[in-house]
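Letter by letter, the chains look like this.
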Amino acid sequence: MSAALIAALLCSVAAYLHTQSNRPEMRPANPYSDLAWRGLAFAALIAWGALIVRGYVKGHWADATAALLGSFAINWYFGHYRGPRPTWPGLSMLFAVVGLGMAVYSFAYE
């Protein structure tokens, strides 16, 4: 499994969890934490798109399609099967940081 696939999945979930947490009780109480979460989610969304596009342009089409369909599947799992949780902000930020790190590794070495 390539680092780009894992990075795409993590970045996708990080951005998805942010967009699904629109209720005030699902947001961090500190406005600076909320701003950091918004920035990380946006960066994760941009990295996810860049990974998918790079997969289609430079790699084999099946790898990029697997990352795209895997992103849809894992987002469905978190959104519909797991449901909203109060731990989503921390989980989303963790996924964003790890996913962005793996995306940087993927762009640099793969």
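In this report, the structure presented in the accompanying data block is examined.

Calculation notes
Residues numbered from 1 in each chain as written. Predicted model: local features only at pLDDT ≥ 70, side-chain atom pairs only at ≥ 80, totals over all residues. Heavy atoms only, no water. 1 Å grid on protein atoms, 1.4 Å probe; cavity = no way out; pocket = protein on both sides within 12 Å on 5 of 7 lines; lining within 4 Å. Points joined across faces, edges and corners; volume = space filled by probe spheres on them. Helix = DSSP H or I, 4+ residues; strand = E, 2+ residues; numbered from the N terminus. Nonpolar A, V, L, I, M, F, W, Y, C, P; charged D, E, K, R; others polar. Phe/Tyr/Trp six-rings, centres within 6.5 Å; stacked < 30°, edge-to-face > 60°. Buried < 20%, exposed > 50% of the residue type's maximum accessible area, 1.4 Å probe, protein only. Core = buried A, V, L, I, M, F, W, Y, C linked by side-chain atoms within 4.5 Å. Contact = heavy atoms within 4.5 Å. Expected span 1.5 Å × (residues − 1). Arc of directions from axis to C-beta.

Moving on, we come to the layout of surface pockets. By volume, the largest pocket is sized at about 300 Å³. If you go around the largest pocket, you meet 16 residues; those closest to its centre are Ser2, Ala4, Arg54, Gly55 and Asp63. Secondary-structure elements contributing two or more residues to the lining of the largest pocket are helix H1 (3-20), helix H2 (31-58) and helix H3 (61-82). If one sorts the elements of the lining of the largest pocket by residue count, H2 sits on top with five residues. Split by residue class, the lining of the largest pocket holds eight nonpolar, four polar and four charged.

Glancing now at the packing of aromatic side chains. Here a ring pair, both rings aromatic, is described through the centre-centre distance and the interplanar angle of the planes. Tallied over the full model, the rule gives three aromatic pairs. The interplanar angle of 85 degrees and the centroid separation of 5.6 Å between the aromatic rings of Tyr77 and Phe78 together place this pair among those described as edge-to-face. We classify Phe78 as buried; its relative accessible area is 12%. With a centroid separation of 6.0 Å and an interplanar angle of 85 degrees, the aromatic rings of Phe78 and Phe95 are classed as edge-to-face. With Phe78 in helix H3 and Phe95 in helix H4 (residues 88-109), this pair connects stretches of sequence that are 17 residues apart. The burial state of Phe78 is the same as that of Phe95; both residues are buried. Members of the aromatic cluster, connected to one another through ring pairs, are Tyr77, Phe78 and Phe95.

By size, the foremost hydrophobic cluster in this structure holds 20 residues, and its most contacted members are Leu51 and Phe95. Listed by contribution, the elements that provide at least two residues to this core are H1, H2, H3 and H4. When residues of this core are assigned to their parent elements, the largest contribution, eight residues, is made by H1. Discounting residues that sit within four places of it in the chain, Leu51 has contacts with Ala4, Ala7, Ala8, Ala103, Ser106 and Phe107.

Structurally, Leu10 can be placed in helix H1. Each C-alpha atom, one on Leu10 and one on Tyr81, is 17 Å from the other, the two residues being 71 residues apart in sequence. Discounting residues that sit within four places of it in the chain, Leu10 has contacts with Phe95, Val98, Gly99 and Met102.

This part is about H4. Every α-helix winds through 3.6 residues per turn, so residues three or four apart in the chain are directed the same way. Helix length check: H4, at 22 residues, gives a terminal C-alpha distance of 31 Å against a target of 32 Å (1.5 Å per residue), a fit within 8%. Within H4, the full set of buried residues consists of Trp88, Pro89, Ser92, Phe95, Ala96, Gly99, Ala103 and Ser106. Seen end-on, H4 carries its buried residues on one side only, within an arc spanning 120 degrees. Away from its buried face, by an angle of more than 90 degrees, H4 presents the exposed residues Val97, Val104, Ala108 and Tyr109.

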